[in-house]
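Residue-level structural notes
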Amino acid sequence: MLPVAVAIGDPQGIGPEVLRHALASELGCRRLRLYGSLAALTAAPGPPWQPGPDLELVPLEEPTGAAALAAATEALVAGEVAALVTGPIDKARVATVLGDGFVGQTEYLAERFGCRGQEVMLLAGDRLRVALLTTHLALRDVPARITRAETVRVLRTVHRELPRLFGIPSPRLALAALNPHAGEGGRFGDEEQRILLPAVADLRAAGIVVAGPLPADSLFVQAAAGAYDAVVACYHDQGLAPLKLVAFHDAVNVTLGLPRLRVSPDHGVARDIAGRGVAHPGSMIRALRLALAQQTPGQESRHEAS
(Lines give C-alpha, C1' and ligand atoms only; values in the text may rest on other atoms or scores of the structure.)
Protein backbone atom coordinates (compact mmCIF):
# COMPACT_ATOMS: atom_id res chain seq x y z
CA MET A 1 0.00 0.00 0.00
CA LEU A 2 1.40 3.38 -1.02
CA PRO A 3 1.72 6.05 1.66
CA VAL A 4 0.09 9.47 1.52
CA ALA A 5 2.65 12.27 1.30
CA VAL A 6 2.33 15.32 3.53
CA ALA A 7 4.27 18.52 2.87
CA ILE A 8 4.34 20.15 6.30
CA GLY A 9 4.35 23.70 4.90
CA ASP A 10 5.95 26.90 6.14
CA PRO A 11 7.84 26.12 9.40
CA GLN A 12 6.90 29.53 10.80
CA GLY A 13 3.20 29.10 10.05
CA ILE A 14 0.43 26.99 11.59
CA GLY A 15 1.04 24.02 9.30
CA PRO A 16 3.18 22.10 11.83
CA GLU A 17 0.66 22.83 14.59
CA VAL A 18 -2.46 21.63 12.77
CA LEU A 19 -0.60 18.60 11.44
CA ARG A 20 0.49 17.69 14.95
CA HIS A 21 -3.14 17.71 16.08
CA ALA A 22 -4.08 15.51 13.11
CA LEU A 23 -1.30 13.03 13.88
CA ALA A 24 -2.53 12.76 17.47
CA SER A 25 -5.86 11.47 16.13
CA GLU A 26 -6.50 8.07 14.57
CA LEU A 27 -4.91 9.41 11.38
CA GLY A 28 -1.48 9.12 12.97
CA CYS A 29 -1.82 5.35 12.73
CA ARG A 30 -2.19 5.40 8.95
CA ARG A 31 0.63 5.13 6.44
CA LEU A 32 2.03 8.62 5.91
CA ARG A 33 5.25 10.13 4.58
CA LEU A 34 6.11 13.57 5.97
CA TYR A 35 8.24 16.15 4.15
CA GLY A 36 9.46 19.35 5.78
CA SER A 37 10.72 20.73 9.06
CA LEU A 38 10.47 17.92 11.60
CA ALA A 39 11.96 20.28 14.20
CA ALA A 40 9.05 22.67 13.65
CA LEU A 41 6.59 19.78 13.93
CA THR A 42 8.16 18.62 17.21
CA ALA A 43 8.23 22.14 18.67
CA ALA A 44 4.68 23.03 17.63
CA PRO A 45 2.05 23.20 20.40
CA GLY A 46 -0.39 20.34 20.48
CA PRO A 47 -1.21 16.98 22.01
CA PRO A 48 1.44 14.28 22.33
CA TRP A 49 2.01 12.07 19.33
CA GLN A 50 4.40 9.25 18.59
CA PRO A 51 5.80 8.27 15.20
CA GLY A 52 4.43 4.83 14.41
CA PRO A 53 5.81 2.06 12.19
CA ASP A 54 3.90 3.41 9.17
CA LEU A 55 4.90 7.06 9.66
CA GLU A 56 7.91 7.85 7.51
CA LEU A 57 9.85 11.06 8.20
CA VAL A 58 11.81 12.30 5.16
CA PRO A 59 14.83 14.43 6.08
CA LEU A 60 15.50 17.42 3.81
CA GLU A 61 18.75 19.34 3.51
CA GLU A 62 16.75 22.59 3.55
CA PRO A 63 13.51 21.90 5.50
CA THR A 64 11.67 24.91 4.06
CA GLY A 65 8.15 25.10 2.71
CA ALA A 66 9.52 25.28 -0.85
CA ALA A 67 11.81 22.27 -0.42
CA ALA A 68 9.04 20.21 1.17
CA LEU A 69 6.62 21.05 -1.64
CA ALA A 70 9.17 20.22 -4.34
CA ALA A 71 10.21 16.89 -2.80
CA ALA A 72 6.67 15.74 -2.05
CA THR A 73 5.51 16.73 -5.54
CA GLU A 74 8.30 14.70 -7.13
CA ALA A 75 7.19 11.66 -5.11
CA LEU A 76 3.61 12.17 -6.31
CA VAL A 77 4.62 12.57 -9.96
CA ALA A 78 6.82 9.46 -9.72
CA GLY A 79 3.95 7.39 -8.33
CA GLU A 80 5.71 6.73 -5.03
CA VAL A 81 2.73 7.97 -3.00
CA ALA A 82 -1.03 7.54 -3.35
CA ALA A 83 -1.93 11.20 -2.82
CA LEU A 84 -0.47 14.45 -1.52
CA VAL A 85 -1.57 16.77 1.29
CA THR A 86 0.14 20.16 1.16
CA GLY A 87 0.39 22.39 4.23
CA PRO A 88 0.09 26.18 3.96
CA ILE A 89 3.02 28.07 2.46
CA ASP A 90 4.17 31.66 2.04
CA LYS A 91 3.89 32.10 -1.75
CA ALA A 92 6.33 35.00 -1.86
CA ARG A 93 9.00 32.99 -0.02
CA VAL A 94 8.43 29.91 -2.16
CA ALA A 95 8.68 32.00 -5.33
CA THR A 96 12.18 33.11 -4.33
CA VAL A 97 13.22 29.44 -4.42
CA LEU A 98 11.08 27.93 -7.17
CA GLY A 99 11.08 30.97 -9.46
CA ASP A 100 9.03 34.07 -10.19
CA GLY A 101 6.62 32.00 -12.26
CA PHE A 102 5.32 30.35 -9.09
CA VAL A 103 1.80 31.64 -8.36
CA GLY A 104 0.43 28.82 -6.20
CA GLN A 105 0.66 25.16 -5.31
CA THR A 106 -2.23 24.25 -7.60
CA GLU A 107 -0.52 25.66 -10.67
CA TYR A 108 2.88 24.27 -9.62
CA LEU A 109 1.54 20.72 -9.40
CA ALA A 110 -0.12 21.02 -12.79
CA GLU A 111 3.19 22.18 -14.27
CA ARG A 112 5.05 19.25 -12.77
CA PHE A 113 2.49 16.78 -14.13
CA GLY A 114 2.69 18.41 -17.55
CA CYS A 115 -0.99 19.32 -17.60
CA ARG A 116 -0.90 23.06 -16.92
CA GLY A 117 -4.19 24.56 -17.98
CA GLN A 118 -6.14 21.39 -17.21
CA GLU A 119 -6.27 21.85 -13.43
CA VAL A 120 -9.37 22.99 -11.57
CA MET A 121 -9.45 24.33 -8.00
CA LEU A 122 -12.31 22.94 -5.93
CA LEU A 123 -13.02 23.98 -2.33
CA ALA A 124 -15.19 21.60 -0.34
CA GLY A 125 -16.94 21.78 3.01
CA ASP A 126 -19.86 19.92 4.53
CA ARG A 127 -22.53 22.20 3.06
CA LEU A 128 -20.90 23.67 -0.01
CA ARG A 129 -18.50 22.74 -2.81
CA VAL A 130 -17.17 25.51 -5.04
CA ALA A 131 -14.94 25.21 -8.11
CA LEU A 132 -13.28 28.23 -9.72
CA LEU A 133 -13.42 29.23 -13.37
CA THR A 134 -10.46 31.58 -12.81
CA THR A 135 -8.06 31.48 -9.87
CA HIS A 136 -5.11 33.69 -8.97
CA LEU A 137 -5.30 36.81 -11.12
CA ALA A 138 -6.37 40.42 -10.80
CA LEU A 139 -10.10 41.06 -10.84
CA ARG A 140 -9.72 43.39 -13.84
CA ASP A 141 -8.34 40.44 -15.87
CA VAL A 142 -11.17 38.02 -15.09
CA PRO A 143 -13.61 38.80 -17.95
CA ALA A 144 -10.97 38.26 -20.63
CA ARG A 145 -10.12 34.83 -19.21
CA ILE A 146 -13.71 33.55 -19.28
CA THR A 147 -14.43 31.77 -22.56
CA ARG A 148 -17.06 29.33 -23.71
CA ALA A 149 -14.51 26.53 -24.10
CA GLU A 150 -12.95 27.11 -20.68
CA THR A 151 -16.34 27.20 -18.99
CA VAL A 152 -17.26 23.89 -20.59
CA ARG A 153 -13.90 22.37 -19.61
CA VAL A 154 -14.14 23.35 -15.95
CA LEU A 155 -17.73 22.17 -15.55
CA ARG A 156 -16.94 18.88 -17.33
CA THR A 157 -13.98 18.30 -15.00
CA VAL A 158 -16.08 18.92 -11.89
CA HIS A 159 -18.83 16.63 -13.21
CA ARG A 160 -16.29 13.87 -13.86
CA GLU A 161 -14.46 14.10 -10.53
CA LEU A 162 -17.35 14.44 -8.03
CA PRO A 163 -18.37 10.76 -8.29
CA ARG A 164 -14.80 9.55 -7.75
CA LEU A 165 -13.86 11.83 -4.88
CA PHE A 166 -17.15 12.43 -3.10
CA GLY A 167 -19.33 9.49 -4.12
CA ILE A 168 -21.91 11.61 -5.95
CA PRO A 169 -23.12 9.45 -8.86
CA SER A 170 -25.15 12.09 -10.74
CA PRO A 171 -23.82 15.56 -9.83
CA ARG A 172 -26.13 18.58 -9.96
CA LEU A 173 -24.03 21.58 -10.94
CA ALA A 174 -24.71 25.31 -10.99
CA LEU A 175 -22.78 28.09 -12.72
CA ALA A 176 -22.57 31.52 -11.07
CA ALA A 177 -23.06 34.56 -13.27
CA LEU A 178 -20.19 37.00 -13.65
CA ASN A 179 -22.25 40.18 -13.46
CA PRO A 180 -24.82 41.42 -10.92
CA HIS A 181 -28.30 40.00 -11.53
CA ALA A 182 -26.77 37.74 -14.21
CA GLY A 183 -26.27 40.82 -16.37
CA GLU A 184 -29.92 41.90 -16.26
CA GLY A 185 -30.44 41.07 -19.92
CA GLY A 186 -27.21 42.78 -20.97
CA ARG A 187 -27.66 46.02 -18.98
CA PHE A 188 -24.78 45.15 -16.58
CA GLY A 189 -22.61 43.16 -18.96
CA ASP A 190 -23.14 40.65 -21.74
CA GLU A 191 -20.81 37.78 -20.72
CA GLU A 192 -23.80 35.73 -19.62
CA GLN A 193 -25.47 35.93 -23.03
CA ARG A 194 -22.33 35.69 -25.15
CA ILE A 195 -20.36 33.09 -23.20
CA LEU A 196 -21.96 31.45 -20.20
CA LEU A 197 -25.39 30.58 -21.59
CA PRO A 198 -23.93 28.94 -24.74
CA ALA A 199 -21.50 26.96 -22.56
CA VAL A 200 -24.35 25.67 -20.38
CA ALA A 201 -26.27 24.72 -23.54
CA ASP A 202 -23.25 22.71 -24.75
CA LEU A 203 -23.11 20.80 -21.46
CA ARG A 204 -26.81 20.11 -21.34
CA ALA A 205 -26.65 18.74 -24.87
CA ALA A 206 -24.02 16.30 -23.58
CA GLY A 207 -26.35 15.15 -20.78
CA ILE A 208 -24.69 17.06 -17.93
CA VAL A 209 -27.07 18.63 -15.41
CA VAL A 210 -26.10 22.31 -15.08
CA ALA A 211 -28.17 25.28 -13.93
CA GLY A 212 -27.27 28.85 -14.76
CA PRO A 213 -25.73 31.22 -15.11
CA LEU A 214 -27.48 32.26 -11.89
CA PRO A 215 -27.07 35.46 -9.85
CA ALA A 216 -24.36 34.80 -7.30
CA ASP A 217 -26.04 36.75 -4.51
CA SER A 218 -28.76 34.09 -4.18
CA LEU A 219 -27.12 31.03 -5.74
CA PHE A 220 -24.85 30.20 -2.81
CA VAL A 221 -27.76 30.29 -0.37
CA GLN A 222 -29.53 27.66 -2.49
CA ALA A 223 -26.40 25.54 -2.87
CA ALA A 224 -25.64 25.56 0.87
CA ALA A 225 -29.22 24.38 1.45
CA GLY A 226 -28.60 21.35 -0.78
CA ALA A 227 -30.03 22.41 -4.15
CA TYR A 228 -26.73 21.72 -5.96
CA ASP A 229 -23.78 19.39 -5.40
CA ALA A 230 -21.25 21.98 -6.57
CA VAL A 231 -21.11 25.56 -7.81
CA VAL A 232 -18.65 26.88 -10.37
CA ALA A 233 -17.78 30.50 -9.55
CA CYS A 234 -16.33 32.92 -12.09
CA TYR A 235 -13.55 34.28 -9.91
CA HIS A 236 -11.66 33.62 -6.69
CA ASP A 237 -13.46 35.70 -4.07
CA GLN A 238 -16.90 35.16 -5.61
CA GLY A 239 -16.57 31.49 -4.66
CA LEU A 240 -14.33 31.52 -1.61
CA ALA A 241 -16.12 34.18 0.40
CA PRO A 242 -19.38 32.19 0.76
CA LEU A 243 -17.49 28.91 1.13
CA LYS A 244 -15.44 30.21 4.04
CA LEU A 245 -18.49 31.78 5.62
CA VAL A 246 -20.15 28.38 6.04
CA ALA A 247 -17.05 26.13 6.34
CA PHE A 248 -14.18 28.23 7.65
CA HIS A 249 -12.68 25.54 9.89
CA ASP A 250 -13.22 22.37 7.85
CA ALA A 251 -13.09 23.22 4.13
CA VAL A 252 -10.37 21.71 1.97
CA ASN A 253 -8.78 22.68 -1.33
CA VAL A 254 -8.79 19.87 -3.90
CA THR A 255 -6.93 20.05 -7.21
CA LEU A 256 -9.01 18.39 -9.92
CA GLY A 257 -7.64 17.38 -13.30
CA LEU A 258 -4.36 15.84 -12.09
CA PRO A 259 -3.47 12.16 -12.54
CA ARG A 260 -3.26 11.84 -8.73
CA LEU A 261 -5.00 13.62 -5.89
CA ARG A 262 -3.64 16.70 -4.19
CA VAL A 263 -5.59 18.22 -1.32
CA SER A 264 -4.76 20.88 1.26
CA PRO A 265 -6.29 22.77 4.17
CA ASP A 266 -8.20 25.82 3.02
CA HIS A 267 -6.23 28.36 5.03
CA GLY A 268 -2.94 30.21 4.92
CA VAL A 269 0.16 30.22 7.10
CA ALA A 270 -1.43 32.53 9.73
CA ARG A 271 1.87 33.57 11.30
CA ASP A 272 0.02 35.93 13.63
CA ILE A 273 -1.33 32.95 15.61
CA ALA A 274 1.42 30.38 14.95
CA GLY A 275 2.85 28.82 18.10
CA ARG A 276 0.00 30.01 20.33
CA GLY A 277 -1.89 26.72 20.34
CA VAL A 278 -5.12 28.24 18.97
CA ALA A 279 -5.03 27.12 15.31
CA HIS A 280 -8.04 24.97 14.38
CA PRO A 281 -6.96 21.58 12.93
CA GLY A 282 -10.30 20.69 11.30
CA SER A 283 -9.26 21.52 7.75
CA MET A 284 -6.00 19.53 7.98
CA ILE A 285 -7.83 16.53 9.45
CA ARG A 286 -10.41 16.63 6.65
CA ALA A 287 -7.67 16.93 4.02
CA LEU A 288 -5.84 13.89 5.39
CA ARG A 289 -9.01 11.81 5.49
CA LEU A 290 -9.82 12.63 1.87
CA ALA A 291 -6.28 11.80 0.76
CA LEU A 292 -6.20 8.53 2.70
CA ALA A 293 -9.42 7.47 0.98
CA GLN A 294 -7.35 7.18 -2.22
CA GLN A 295 -5.84 4.00 -0.80
CA THR A 296 -7.98 1.09 -1.99
CA PRO A 297 -10.63 -0.21 0.44
CA GLY A 298 -9.00 -3.62 0.57
CA GLN A 299 -5.65 -2.12 1.50
CA GLU A 300 -7.23 0.11 4.13
CA SER A 301 -9.03 -2.81 5.73
CA ARG A 302 -5.89 -4.92 5.89
CA HIS A 303 -3.93 -2.02 7.35
CA GLU A 304 -6.56 -1.24 9.98
CA ALA A 305 -6.78 -4.88 10.98
CA SER A 306 -3.04 -5.22 11.46
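Refer to the structure printed above.
Position labels on residues start from 1 in each chain and follow its written sequence. Under the rules for a predicted model, residues below a pLDDT of 70 receive no local features and side-chain atom pairs below 80 are neither given nor counted, while totals for whole chains, interfaces and linings still include all residues. As a rule here, side-chain values cover all heavy atoms of the structure and leave hydrogens and water aside.

Quick notes on the sheet that holds strand S1 (residues 4–7)
Note the following rule: Only strands joined by at least two bridges in the DSSP assignment are considered to pair. Secondary structure elements are taken from DSSP: a helix is a run of H or I of four residues or more, a strand is a run of E of two residues or more, and numbering for both begins at the N terminus. Lines fitted to the C-alpha atoms define the axes, with helices restricted to the stretch that makes contact. Angles between their N-to-C directions range from 0 to 180 degrees.
In spatial order, the strands read S3-S2-S1-S4-S11-S10-S5-S6-S9-S7-S8; together these 11 strands make up an open sheet with mixed pairing. Edge positions in the sheet fall to strand S3 (55–58) and strand S8 (210–214), since each of these pairs with one other strand and no more. Neighbour-to-neighbour, the strand axes of the sheet open up by a mean angle of 20°, direction not taken into account. When strand S2 (residues 32–35) meets S3, the two strands line up parallel, connected through 4 bridges. Of the residues in S3, the one forming a bridge with Arg33 is Glu56.

What about the side chain of Asp229?
Test applied: Think of it in three bands: residues with accessible area under 20% of the maximum for their type are buried, residues over 50% are exposed, and the middle band is partly exposed, with areas taken using a 1.4 Å probe on protein chains only. Contact definition: two residues touch when any of their heavy atoms are within 4.5 Å.
Along the chain, Asp229 turns up in the loop between helix H9 (216–224) and strand S9 (230–233). Exposure remark for Asp229: the relative accessible area of 13% places this residue in the buried category. Every residue in contact with Asp229, bar those within four places of it in the chain, is listed here: Arg129, Leu162, Ile168, Ser170, Pro171 and Arg172.

Examining the pairing of strand S11 (residues 261–265)
Among the 5 residues of S11, 5 are classified as buried, and the element is accordingly described as predominantly covered. In this sheet, S11 lies alongside strand S4 (residues 83–86) in parallel orientation, the contact comprising 3 bridges. Bridging from a neighbouring strand, Leu84 pairs with Arg262 of S11. If you look at the hairpin formed by strand S10 (residues 252–256) and S11, you'll find 4 residues sitting between the two strands, and Gly257 has a positive phi there, around 90°.

Points about the packing of aromatic side chains
The cut-off we apply is this: Under the pairing criterion, centres of Phe, Tyr and Trp rings, with the six-membered ring standing for Trp, must be within 6.5 Å; the plane angle then separates stacked pairs below 30 degrees from edge-to-face pairs above 60, leaving the rest tilted. By definition here, charges over rings are those cases where NZ of Lys or CZ of Arg is within 6 Å of the ring centre and within 35 degrees of the ring normal.
In total, this model carries 1 aromatic pair according to the counting rule given. Directly above the ring of Phe166 sits Arg129, whose terminal nitrogen or CZ lies 4.9 Å from the centroid.

Some words on the pattern of salt bridges
What counts is decided by this rule: By definition here, a salt bridge exists when the distance from a side-chain nitrogen of Lys or Arg to a carboxyl oxygen of Asp or Glu is within 4 Å.
By the definition in use, this model includes 17 salt bridges. Here Arg116 and Glu111 are joined by a salt bridge, their closest N and O atoms 3.6 Å apart. Here Glu111 falls in the partly exposed class, since its relative accessible area comes to 47%. In this structure, Asp126 engages Arg286 in a salt bridge whose closest nitrogen and oxygen atoms are separated by 2.7 Å. Of this pair, Asp126 sits in the loop between strand S5 (120–124) and strand S6 (129–132) while Arg286 sits in helix H11 (residues 282–292), and the two are 160 residues apart along the sequence. Residue class for Asp126 comes out exposed when judged on its relative accessible area of 58%. In this structure Arg286 comes out as partly exposed when scored by relative accessible area, which is 26%.

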